[in-house]
Amino acid sequence: MSLLSETKTEKPSLRTGSARVDRESPNTVLIEATARYKPDDEDAHETDQWGYTETEYLPAFRITDLTEREADLIEHFVPVAVDEAGGFANFRETATKTNSLIDRLKAIEVPDVDDVADDLENYLDTKERAAELDAKIEQTDRLIDEIVYELYGLTDEEIEIVEEAVED
């Protein structure tokens with residue numbers, strides 16, 4: 001049984017960490033989430049300052065037979081609803097005695113795709129343009145690095161040392 005299907009009865013202090021949506025096809029999405037909880041043995045787990053540990057992403061549920069636009073909306077809306085929490089889109093991050101984290105995820109109120117079609121289209125266009133700009137920035141950074149290496153006459157070994165230092 002997945003931690004996502006447990007309730008507060010089985011695991012006190014159980015809450016959703018974050019969520020992501022895996023687009024399995026144009027019409028199918030898989031909702032995945034991490035679970036945060038206070039382990040019985042804190043020494044056996046890596047914990048944060050509040051004593052919580054967080055799982056890797058676990059599959060919660062799959063939604064099929066969506067239109068492509070519905071899948072787009074879910075793909076981009078669900079992670080935001082989980083990040084916002086506190087009742088946004090009817091999402092609460094904590095499990096209760098009767099509601100598991102999966103129940104909480106299924107309760108997210110996604111807006112009607114027709115009501116947000118224009119905004120969704122603008123968002124997707126903006127996101128695509130941002131990805132293009134990120135790629136150009138990365139390409140420009142590589143070109144600048146090559147020019148600087150050439151100006152200073154660095155050897156391949158020196159370039160490797162510089163790049164390793166920058167990565168850290």
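Residues numbered from 1 in each chain as written. Predicted model: local features only at pLDDT ≥ 70, side-chain atom pairs only at ≥ 80, totals over all residues. Heavy atoms only, no water.

*Asks:* Explain the packing of aromatic side chains residue by residue, including any values.
*Replies:* Applying the stated rule across the entire model yields 1 aromatic pair. Centroid distance F77 to F88: 5.8 Å. Interplanar angle 35 degrees. Geometry classified as tilted. One end of the pair, F77, is in helix α1 (residues 68–84); the other, F88, is in the loop between α1 and α2 (101–106), and 11 residues separate them in sequence. F77 sits in the buried class, given a relative accessible area of 15%. Directly above the aromatic system of F61 lies the positively charged group of K106, at a separation of 5.5 Å from the ring centroid. (Phe/Tyr/Trp six-rings, centres within 6.5 Å; stacked < 30°, edge-to-face > 60°. Helix = DSSP H or I, 4+ residues; strand = E, 2+ residues; numbered from the N terminus. Buried < 20%, exposed > 50% of the residue type's maximum accessible area, 1.4 Å probe, protein only. Lys NZ or Arg CZ within 6 Å of the ring centre and 35° of its normal.)

*Asks:* Help me get a handle on the environment of E157, residues and values and all.
*Replies:* With respect to the helices, strands and loops of the structure, E157 is situated in helix α4 (residues 156–167). Take E157: its relative accessible area is 61%, and that puts it in the exposed class. As a C-alpha pair, E157 and I63 span 94 residues in sequence and 51 Å in three-dimensional space.

*Asks:* Please give an account of a nonpolar patch on the surface that cites residues and values.
*Replies:* Together, L143, I144, I147, V148, L151 and Y152 give the surface a local cluster of nonpolar side chains, amounting to about 640 Å² of exposed area. Mapped onto the elements of the fold, V148 is located in helix α3 (residues 117–152). (Patch = residues over 30% accessible without salt bridge, like charges linked within 9 Å, V, L, I, M, F, W, Y side chains within 5 Å. Areas by Shrake-Rupley, 256 points an atom, 1.4 Å probe, with all protein chains shown as cover. Salt bridge = Lys/Arg side-chain N within 4 Å of Asp/Glu carboxyl O.)

*Asks:* Can you explain the pattern of salt bridges? Please cite residues and give values.
*Replies:* Under the definition given, this model contains 11 salt bridges. Among the ionic pairs, R20 bridges to E32, the shortest N-O distance being 2.8 Å. On the criterion of sequence distance, the pair formed by R20 in strand β1 (residues 15–25) and E32 in strand β2 (residues 28–37) is long-range, its members being 12 residues apart. Between E138 and R142 there is a salt bridge, and its shortest N-O distance comes to 3.1 Å. Residue E138 and its partner R142 are located together in helix α3, separated by 4 residues, close to a single helical turn. It is possible to trace a salt-bridge network through shared partners that takes in R23, R69, D72, E75 and E121.

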